[in-house]
Structures are given as structure tokens and as C-alpha cells.
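Residues per chain, in single letters:
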Amino acid sequence: MLTLATIRPGEPEIFASLQGEGPSVGRPSVFIRLSRCNLACVWCDTAYTWHFAGDERPHRDGVVYERAGNQMQMHEEDAAARILALGSDRLVLTGGEPLLQAPAVARLLVLLRRDRPNFHLEVETNGTIAAPAMLDPLIDQFNVSPKLSHSGNAPGLALNPERLRTYADDPRAFFKFVVADLQDAEAALALQRDYSIASDRLFLMPEGTDSSTLLQRMQWLAPFCQQHGIRLSDRQHIHLFGDTRGT
Ligand SMILES: Nc1nc2[nH]cc(C(=O)O)c2c(=O)[nH]1
Ligand code: SF4
Ligand SMILES: [Mg+2]
């Protein structure tokens, strides 16, 4: 059974859009958003996947979500049918932290590949959790977004040296650091050095949930990326659709 986020109460967050971030930007894809996260970023744009009533961890919006309307259970078979009905040959698994539900995700991916052997499977992860052996070989691409100190998580929780090393050595893994200021960008570079992350697999992406914040931050991020020979990621879907569910 999968625990999914919802677009509206009772409607799972499974939708067709364009990948808005990272190496596959602009590619038409289906998305499935899994509920729950092991981290609690203060600027998380999907706090409705984890910031439920009773969770004392702070979030900058100060909103707590009612679990019943924002989470739902779904059988892997039903999720696979919805995904296949959307007609794409690419799937982005996101969250929350999708690798918290590895066994159910593996069952889902097996079902998808049974119907469409060439389905491209991409996972957005915070880089703290390993994909277990039953899931790892099913994944074509990891978009790993380790969380820096401005996320408000304790570094001991957010940065797992063994995981980061494994992803740095995996050619399927792309790193995407969310940055709000120059200090964050420098912290990402320090991690690149520590873990020998290949420059062509490293993105800096502005933190922001509106177009003007993203554009403003890219004004200084673009020359920074140029100077250091690393990649800049926008958040294309925010310009197109705003900060909305199911887009
Ligand atoms: N279009 C679109 N692209 C995305 N790439 C990563 C997303 C995410 O929420 O993880 C996302 C999202 O929510 N929408
Ligand atoms: S790791 Fe991602 S989903 Fe989890 S709290 Fe941080 S931004 Fe949100
Ligand atoms: Mg998002």
C-alpha cells in the first residue's frame, strides 16, 4: 500500500506535467507524490506531506495540516493504472521522501515496467536514505537534494556521509542543492569538494515558490554557476503554474 499526498481530499497527487527541475527539465512526465518525510525543512514547499497536527517541528508558514484530507492510502495496482492512463513514458516519484516507502514503490515500478518495459523512472530524494536492493536497480535516475543548514534540519539528520558518497559515485545520481543566498551556494561547493561530485551532475537551484523570488536569486546564481562550472536549475513549473498542487 502506498501513502500518497492529495490534490484535494480523496484525490491522489498523481498528475501529468513537465519536469520543472534538474537534468530532465522540460520533459513531459507523470508525477506521483508520496506523503511523509524524515526531514522538516522550514521552507519546504510540500509541507502538506508531513506537517500534520501534533508535529512540533517549525515551518515558516506556520500552517499545520489535517492528516485526513492531505494523505491517502492507495494500492500499487490502482496507482499503476492511474499512471499508465496518463500516457507518458516517464515517471517522477516525489514527496515528501519517496524512499521511506521503498517496498511499495518497488511493487509499483515492477507493475509499470511489466506494461511498459521502457518506462523511465526518476526519483526525487533528500539523499538521506538508500534505495534497498529490491528497488535500486529499477531506478534510472536519482535527483538528490541534500539539505543545507538553512533548511533548519540538524546537519546530522540532513547530511548522511555514507549516502552522499554512494550517490556521488553513482552516474545515475544528479545533485540539486536548494540555495537562498551566497553562503548556501558556498556550502554546496564545499560538499562538492568533500564528496568529489562531478560538475556535470551538480545543480544549484534557487529556493522560492514565486517567479520573482526565483528570478531575483538567479541573477546572482547564474554568474556563480558560470564561475564554478556547475549547472543552474530553475523551477520552471513555478513560472508556469505557480505554487499549486498537481502541477
Ligand atoms: N512540474 C513539476 N516538476 C517537479 N520537479 C520536482 C518536483 C517536486 O515537487 O519534487 C516537481 C513538481 O512538483 N512539479
Ligand atoms: S526533504 Fe523535501 S519534502 Fe522533506 S521537508 Fe525537506 S523539502 Fe520538504
Ligand atoms: Mg515541488
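One can find the structure itself at the top, above this paragraph.
Every value quoted in this text rests on a predicted model; they were computed, and no experiment measured them. Numbering of residues starts from 1 in every chain and runs along the sequence as written. Note on labels: chains are lettered from A, ligands numbered from 1, in written order. A pLDDT threshold of at least 70 governs which residues receive local features in this predicted model, and a stricter bar of 80 or more applies before side-chain atom pairs are shown or counted, although totals over entire chains, interfaces and linings include all residues. To get the side-chain values, take all heavy atoms of the structure and skip hydrogens and water.

S.K.: Give me the lowdown on the overall build of the chain, citing residues and values where you can.
M.R.: The helix count covers DSSP runs of H or I at least four residues long, the strand count covers runs of E at least two residues long, and both are numbered beginning at the N terminus. A tally of helices and strands in the chain yields eight helices and 11 strands. For the chain, whose C-alpha radius of gyration is 17 Å, the value lies close to the compact-globule estimate of 18 Å for 247 residues. Its C-alpha atoms give the chain principal-axis dimensions of roughly 45 × 40 × 35 Å. Looking at the chain as shown, the accessible area adds up to about 10,700 Å², and 52% of this sits on carbon and sulfur atoms. For the chain, the centre of its 24 positive side-chain charges and the centre of its 30 negative side-chain charges are spaced 3 Å apart. Note that the radius of gyration is over C-alpha atoms, with the globule rule given as 2.2 Å times the number of residues to the power 0.38. Methods summary: accessible areas were calculated by the Shrake-Rupley approach with a probe of 1.4 Å, and residue burial reflects only the protein chains presented. In this tally, Lys and Arg are treated as positive and Asp and Glu as negative; His is ignored, and so are the chain termini. By convention, the charge on Lys lies at NZ, on Arg at CZ, on Asp at CG and on Glu at CD.

S.K.: Pulling in residues and values, what's your account of helix α2 (residues 76–85)?
M.R.: Listing the buried residues of α2 in full gives Glu76, Ala79, Ala80, Ile83 and Leu84. One face of α2 carries all of its buried residues, which in axial projection span an arc of 130 degrees. Backbone geometry just downstream of α2 places glycine 87 in the positive-phi region, at approximately 75 degrees. Any residue under 20% of the maximum accessible area for its type is buried, any over 50% is exposed, and the rest in between are partly exposed; the area is computed with a 1.4 Å probe on protein chains only. Each direction from the helix axis to a C-beta atom contributes to the arc, which is the arc of those directions.

S.K.: So what about the sheet that holds strand β5 (residues 71–74)? Which residues, and what values?
M.R.: Each pair of strands is called paired provided DSSP finds at least two bridges between the two strands. The three strands are arranged β2-β1-β5 in an open sheet whose pairing can be described as antiparallel. With partners counted over all chains shown, the strands left at the sheet margins are β2 (11–12) and β5, one partner each. Sheet topology places strand β1 (residues 2–8) next to β5; four bridges connect them, and they run antiparallel. Bridge pairing in β5 links threonine 3 to glutamine 73. Contacts between residues were defined by any pair of non-hydrogen atoms, one from each residue, lying within 4.5 Å. Lines are fitted to the C-alpha atoms to define the axes, a helix being fitted only along its stretch in contact, and any angle between axes, read from their N-to-C directions, falls within 0 to 180 degrees. Running over the sheet, α2 touches β1, β2 and β5 and is turned about 100 degrees from β5.

S.K.: Talk me through the site of ligand 2; I want residue IDs and the actual numbers.
M.R.: For each residue, the test is whether any non-hydrogen atom lies within 4 Å of the molecule or strand; if one does, the residue is near. Taken together, Cys37, Leu39, Ala40, Cys41, Cys44, Thr46, Trp50, Gly96, Asn126 and Lys147 make up all the residues around ligand 2. The classification used treats Ala, Val, Leu, Ile, Met, Phe, Trp, Tyr, Cys and Pro as nonpolar, Asp, Glu, Lys and Arg as charged, and all other residues, Gly among them, as polar. Partitioning the shell around ligand 2 into residue classes produces six nonpolar, three polar and one charged.

S.K.: Give a description of the site of ligand 1 that names residues and reports values.
M.R.: Neighbouring ligand 1 are Ser17, Leu18, Gln19, Gly20, Glu21, Phe31, Arg33, Thr94, Glu124, His237 and Thr247. Within the backbone of leucine 18, one N or O atom sits 2.8 Å away from a nitrogen atom of ligand 1. For the shell around ligand 1, the elements supplying multiple residues, two or more each, are β3 (14–18) and β4 (28–33). Its residues assigned to classes, the shell around ligand 1 shows two nonpolar, six polar and three charged. In protein, a polar contact means a hydrogen-donor-capable atom and an acceptor-capable atom, both N or O and within 3.5 Å, with residues adjacent in sequence counting only if both atoms are side-chain atoms; elsewhere, any N or O pair within 3.5 Å suffices.

S.K.: Any chance you could break down the nonpolar core for me, citing the residues and the numbers?
M.R.: Counting 53 residues, the largest nonpolar core has Ile32, Leu91, Leu109, Leu112, Leu135 and Leu204 as its most contacted members. With eight residues, helix α3 (residues 102–115) is the single largest residue contributor to this core. What we call a nonpolar core is a set of buried Ala, Val, Leu, Ile, Met, Phe, Trp, Tyr and Cys residues that are connected through their side-chain atoms within 4.5 Å. Listed in part, the 12 residues of the second largest apolar core include Cys44, Trp50, Phe52 and Met205.

S.K.: Can you explain the packing of aromatic side chains? Please cite residues and give values.
M.R.: Aromatic pairing here means that ring centres of Phe, Tyr or Trp (its six-membered ring) are within 6.5 Å. Orientation follows from the plane angle: under 30 degrees is stacked, over 60 is edge-to-face, and everything else is tilted. Per the stated rule, a full pass over the model turns up five aromatic pairs. When the centroid spacing of 6.5 Å and the interplanar angle of 55 degrees are considered together, the rings of phenylalanine 174 and phenylalanine 203 count as tilted. With phenylalanine 174 in strand β9 (residues 173–179) and phenylalanine 203 in strand β10 (residues 202–206), this pair connects stretches of sequence that are 29 residues apart. Accessibility assignment for this pair places phenylalanine 174 and phenylalanine 203 in one class, buried. With 6.3 Å between their ring centres and 15 degrees between their planes, phenylalanine 175 and phenylalanine 177 make a pair best called stacked.

Nothing here speaks to function; it is all geometry.
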